[in-house]
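What follows is the residue order along each chain.
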Amino acid sequence: MSALPSSGPWPVIADATHGAGACAAVTVAAVLWGHRHRFGQAGKAIIAAILCHALWCLSTAVEGHASLVTTGLLALRNLSWLAALYRLFASDGRLTSVRPVRPVIVALTLVDLLVPAVLTAEYRIDPTLLADPALTRFNILLLMLAVVGSLVLVHNLYVGADPQARAMLRWPVLAFAAVWVFELNLYTVAYLDSDWPVQLSALHGVVDIGFAVLMAGGALRGQAMLRLRPSRAVTFHSVSLLVIGAYFVAMIGVAQWLAYAGGNYARWLQYGFIILATAAALLMLPSRRLRGWLRVTLVKHLFQHRYDYRAEWMRFTRTIGSQAQEAPPLHQRAVQAVADITDSPAGLLLVPDDLGDMVLAARWHWPTADVPGPALSPDAVRFFEGHDFIIDLDDLREGKSQHDEAALIPAWLSDDPLAWALVPLVHYDRMVGAVVLARPPQARKLDWEDFDLLRLVGQQLATYLAEHRGQEALAEASRFDDFHRRIAFVMHDIKNLSSQLTLLTRNAERHADNPAFRADMLVTLRNSAEKLNTLVARLSRYGGQVEKVEPVALGVIAREVAKPFEGRHPVSVIERDPCVVSGNSHSIEQVLTHLLQNAVEASPNGSPVFIAIAEDGAAARIEVVDSGSGMSEDFVRTRLFRPFVSTKAGGFGIGVYEARELVKAMQGNILVESREGVGTRFVVRLPLAAMHKRPNMKSKVA
């Protein structure tokens with residue numbers, strides 16, 4: 001290559017920057033020698049490439065960029081970089097993994113050797129040929145081709161690496177890419193202007209310094225294991241970049257030919273072709289159909305297996321498990337997860353309803369599908385549960401049937417031209433759904449690999465849907481359980497009130513003429529009405545809160561609770577100390593009523609029951625003691641405080657449980673001592689009002 005003479009400070013700047021780049025490269029090579037193991041087996045190759053880069057920078061500063069020595073060292077630098085990239089690919093010890101990129105490396109090696117060979121031949125034939133513009137543009141075109149191919153390799157290196165390896169690969173990849181991207185722009189400007197851009201070339205040394213700094217950063221920021229696995233995605237992107245590079249070179253070549261052949265209209269033809277070619281590229285490259293055709297073609301001819309199973313499984317899991325706020329519902333994500341595998345643009349999900357009929361549950365980008373009420377017949381559901389068979393609807397339309405399944409597929413599905421495949425979702429021999437896939441833009445035939453992957457994904461998706469449905473059923477059952485628990489509490493309280501009113505009615509038949517009894521009956525009726533009102537108010541608070549905590553005299557409540565049992569069973573209230581506690585009067589009354597009612601029912605007729613009240617430090621102690629049948633130690637330990645467990649026939653088994661929860665809500669506790677055949681003693685401790693620090697608290701009942 002030749003350079004036109006230039007003047008001004010730019011040649012001096014170019015020499016200075018390239019000299020600084022050479023110094024930086026040598027320094028970094030010396031530093032990296034002690035850390036070469038951090039690049040794996042590619043450490044020595046990378047250091048050699050940095051030294052070759054330093055030689056090229058030095059030659060550029062001394063001889064100029066157009067000399068044969070500098071051109072030869074440029075080829076040596078590029079070859080050393082290719083060798084370093086190759087070692088980075090193969091540094092996991094599996095050289096067969098780089099087989100897909102070997103043709104690219106061989107082609108780039110030939111191009112890099114061709115440039116100095118052409119210049120040497122020109123010099124030997126006639127030194128004046130080095131200044132010929134046409135030959136100079138040809139040499140620059142070769143350099144551009146080498147740079148584009150090298151960028152493809154850099155891309156392969158980064159995309160083909162495991163995520164844990166990219167932390168270390170990021171720096172050398174960025175270093176190589178930075179230099180080659182700069183040189184691509186440099187050569188492009190030189191080719192289009194037919195003149196060497198001295199100002200832009202002078203900045204190359206700055207890029208060389210950055211190259212050295214990035215290489216040093218890659219070694220000094222830690223080591224990551226290199227486990228490079230070039231995948232089909234690497235090949236697809238590589239071929240795409242090669243196609244782009246070939247298109248770019250072809251466009252320049254045609255534009256140059258038009259410049260020679262166009263005569264007076266050369267400029268018009270040249271720019272017109274560039275505009276048309278650019279417009280065509282902008283229209284074709286974003287095309288999903290073109291990308292689909294390219295992917296299918298590459299997979300068909302370059303790979304034994306169509307799918308990258310690791311990538312497909314990660315994408316499937318990521319789609320199903322998405323928790324973003326803008327993420328669609330689970331049923332739509334289920335359709336998308338299956339459709340993405342076959343590049344289907346739309347899909348439907350069918351699930352069984354409460355009656356067992358398969359109905360439409362979700363649409364994904366398919367608003368025009370006309371799905372009837374029962375989308376599949378019971379016979380079709382039984383067929384899929386027995387065979388787990390994926391339906392290729394195109395085969396059915398052509399009359400191909402393996403298990404006489406054509407008669408089971410409904411007309412709405414076979415008549416829709418967009419319907420392409422039906423994937424059953426079977427979980428433990430039970431069909432929990434089916435996914436209908438729309439035809440992809442690049443139509444192809446489903447094969448054994450499609451069926452295997454779709455069957456596996458369908459089984460996994462069936463598990464997710466079955467688990468999701470089970471969780472919904474469990475949540476609904478939990479809500480019903482809470483409702484039933486509240487009703488049980490209400491029935492228990494109503495039972496107590498009913499017992500009191502029944503006792504009052506019986507006594508009224510015998511003492512109706514007694515004025516004192518009538519007065520007492522009115523008080524009892526008033527109390528019962530208040531309890532009913534309180535019960536209604538508490539319906540929304542079971543499992544909720546105890547409100548209105550205030551000072552409560554225990555002796556008064558204990559005597560009121562014992563009064564209904566007068567004449568029916570001996571109940572004695574012993575108030576050793578007058579105790580005022582911090583609590584809720586209705587809750588305390590309910591607790592004592594539960595405990596006293598149980599004590600009376602467990603005691604023989606005439607056997608007294610005692611309620612003893614006394615101070616116990618900072619708390620009040622209430623004891624309910626009977627001499628009844630008692631309870632076993634195992635029952636007290638494992639079953640007494642469990643709801644819906646009772647030793648009485650027809651009992652609800654929630655009285656003691658509710659009493660404990662109410663006492664806990666008032667910052668107290670409840671203990672029990674019992675022996676079979678001897679009796680039982682319940683001990684309730686509540687904080688004294690004088691010791692309570694928060695008279696307006698609100699406590700949650702578990």
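The following paragraphs examine the structure supplied in this document. Quantities reported herein were computed from a predicted structural model and do not represent experimental measurements.

Attention shifts here to helix α19 (residues 554-562). Of the residues making up α19, those classed as buried are L554, G555, I557, A558, V561 and A562. An end-on view of α19 places all buried positions within 165° of arc, on one side of the element. Close packing links the buried residues of α19 with β7 (550-553), β8 (571-575), β9 (580-583), α20 (585-602), β10 (609-616) and β11 (619-626).

Another point: the packing of α20 against helix α22 (residues 655-665). Two elements in contact, α20 and α22, have axes separated by 9 Å at closest approach and are oriented at 150°. By the criterion of interaxial angle, the relationship of α20 to α22 is roughly antiparallel. The element α20 and its partner α22 pack so that their crossing is left-handed. Here S587, Q590, V591, H594 and N598 of α20 lie close against α22, whose contacting residues are G655, V656, E658, A659, L662 and V663. Split into classes, the residues belonging to the contact of α20 with α22 amount to five nonpolar, five polar and one charged.

In this section: the packing of aromatic side chains. Taken as a whole, this structure holds four aromatic pairs when the rule is applied. Every member of this aromatic cluster is reached through a ring pair, and the members are W313, F316 and Y464.

A cluster of nonpolar residues, W10, I13, L203 and V206, forms a patch on the protein surface that exposes about 310 Å² of accessible area. Mapped onto the elements, V206 comes out in helix α8 (residues 204-220). Taking the relative accessible area as the measure of exposure, V206 reaches 47% and is therefore partly exposed.

Right, let's get into the environment of H569. Assignment of secondary structure puts H569 in the loop between α19 and β8. Along the backbone, H569 and S603 are 34 residues apart, and their C-alpha atoms lie at a distance of 9.4 Å. Look past the residues within four positions of H569 in its chain and what remains in contact with it is V600, S603, P604, N605, G606, S607 and V609. Side-chain polar atoms of H569 contact the backbone oxygen of S607, separated by 2.6 Å.

For the rest of this paragraph, the subject is the sheet that holds strand β4 (residues 419-427). Strand order in the open sheet formed by five strands is β2-β1-β5-β4-β3, with antiparallel pairing between adjacent strands. This sheet does not close on itself; its edge strands, each paired only once, are β2 (358-364) and β3 (391-392). The pairing of strand β1 (residues 347-352) with β2 spans six bridges and is antiparallel. By the bridge assignment for β2, L348 is matched with R363. Along the sheet, helix α13 (residues 330-339) contacts β1, β2 and β5 (430-438); its crossing angle with β2, the most-contacted strand, is approximately 75°.

All right, on to empty space enclosed by the protein then. Here the structure, examined in full by the defined rule, presents six cavities of 30 Å³ or more. By volume, the second largest cavity amounts to about 140 Å³. For the second largest cavity, the lining is made up of 15 residues, of which W56, H65, L74, Y187 and W196 are closest to its centre. Of all the elements in the fold, those that place two or more residues in the lining of the second largest cavity are α2 (43-63), α3 (68-90) and α6 (163-193). Across the lining of the second largest cavity, the residue classes tally to seven nonpolar, seven polar and one charged.

Among the nine residues that make up β4, nine are buried, leaving the element largely enclosed by the rest of the structure. Here two bridges tie β3 to β4, and the two strands are oriented antiparallel to one another. The residue bridging I391 from the neighbouring strand is L422, located in β4. Linking β4 back to β5 in an antiparallel pair, the connection comprises two residues, with Y428 at a positive phi of about 55°.

Core analysis: the largest hydrophobic core is formed by 52 residues, its most contacted members being I50, F176, Y187, F211 and M215. Taken together, the elements giving at least two residues each to this core come down to α1 (10-33), α2, α3, α4 (102-125), α5 (133-159), α6 and α8. By size, the runner-up hydrophobic cluster in this structure holds 39 residues, among which are L554, A599, V624 and V672.

This paragraph deals with the sheet that holds strand β12 (residues 669-675). Remark on secondary structure: sheet strands pair via backbone hydrogen bonds, oriented parallel or antiparallel. Strand order in the open sheet formed by five strands is β8-β10-β11-β13-β12, and the pairing between neighbours is mixed. Two strands bound the open sheet, and with one partner strand each, they are β8 and β12. Neighbour to neighbour, the strand axes of the sheet diverge by 15° on average, direction disregarded. Here five bridges tie β8 to β10, and the two strands are oriented parallel to one another. Among the inter-strand pairings, S572 is bridged to a residue of β10, identified as F610. Across the sheet, α19 touches β8, β10 and β11, and the angle it forms with β8 is around 175°.

Moving on: the pattern of salt bridges. For the structure shown, the criterion picks out 16 salt bridges. When the shortest N-O distance is used, the salt bridge between D394 and R439 registers 2.7 Å. Placement of the pair is D394 in helix α15 (residues 393-397) and R439 in the loop between β5 and α17 (448-511), with a sequence separation of 45 residues. Residue classification places D394 among the buried positions, given a relative accessible area of 16%. Classification of R439 as partly exposed rests on a relative accessible area of 24%.

One non-glycine residue, H365, adopts positive backbone phi at about 60°. By the secondary structure assignment, H365 is in the loop between β2 and α14 (378-387). A residue is classified by how much of its surface remains accessible, and H365, at 58% relative accessible area, is exposed.

What counts, and where the lines are drawn
- Residues numbered from 1 in each chain as written.
- Predicted model: local features only at pLDDT ≥ 70, side-chain atom pairs only at ≥ 80, totals over all residues.
- Heavy atoms only, no water.
- Buried < 20%, exposed > 50% of the residue type's maximum accessible area, 1.4 Å probe, protein only.
- Helix = DSSP H or I, 4+ residues; strand = E, 2+ residues; numbered from the N terminus.
- Arc of directions from axis to C-beta.
- Contact = heavy atoms within 4.5 Å.
- Axes fitted to C-alpha atoms, helices over the stretch in contact; angles between N-to-C directions.
- Parallel < 35°, antiparallel > 145°, perpendicular 65-115°, else oblique.
- Left-handed = near helix turned anticlockwise from the far one by under 90°.
- Nonpolar A, V, L, I, M, F, W, Y, C, P; charged D, E, K, R; others polar.
- Phe/Tyr/Trp six-rings, centres within 6.5 Å; stacked < 30°, edge-to-face > 60°.
- Patch = residues over 30% accessible without salt bridge, like charges linked within 9 Å, V, L, I, M, F, W, Y side chains within 5 Å.
- Areas by Shrake-Rupley, 256 points an atom, 1.4 Å probe, with all protein chains shown as cover.
- Salt bridge = Lys/Arg side-chain N within 4 Å of Asp/Glu carboxyl O.
- Polar contact = N/O pair within 3.5 Å; in protein donor to acceptor, adjacent residues only side chain to side chain.
- Pairing = 2+ DSSP bridges.
- 1 Å grid on protein atoms, 1.4 Å probe; cavity = no way out; pocket = protein on both sides within 12 Å on 5 of 7 lines; lining within 4 Å.
- Points joined across faces, edges and corners; volume = space filled by probe spheres on them.
- Core = buried A, V, L, I, M, F, W, Y, C linked by side-chain atoms within 4.5 Å.

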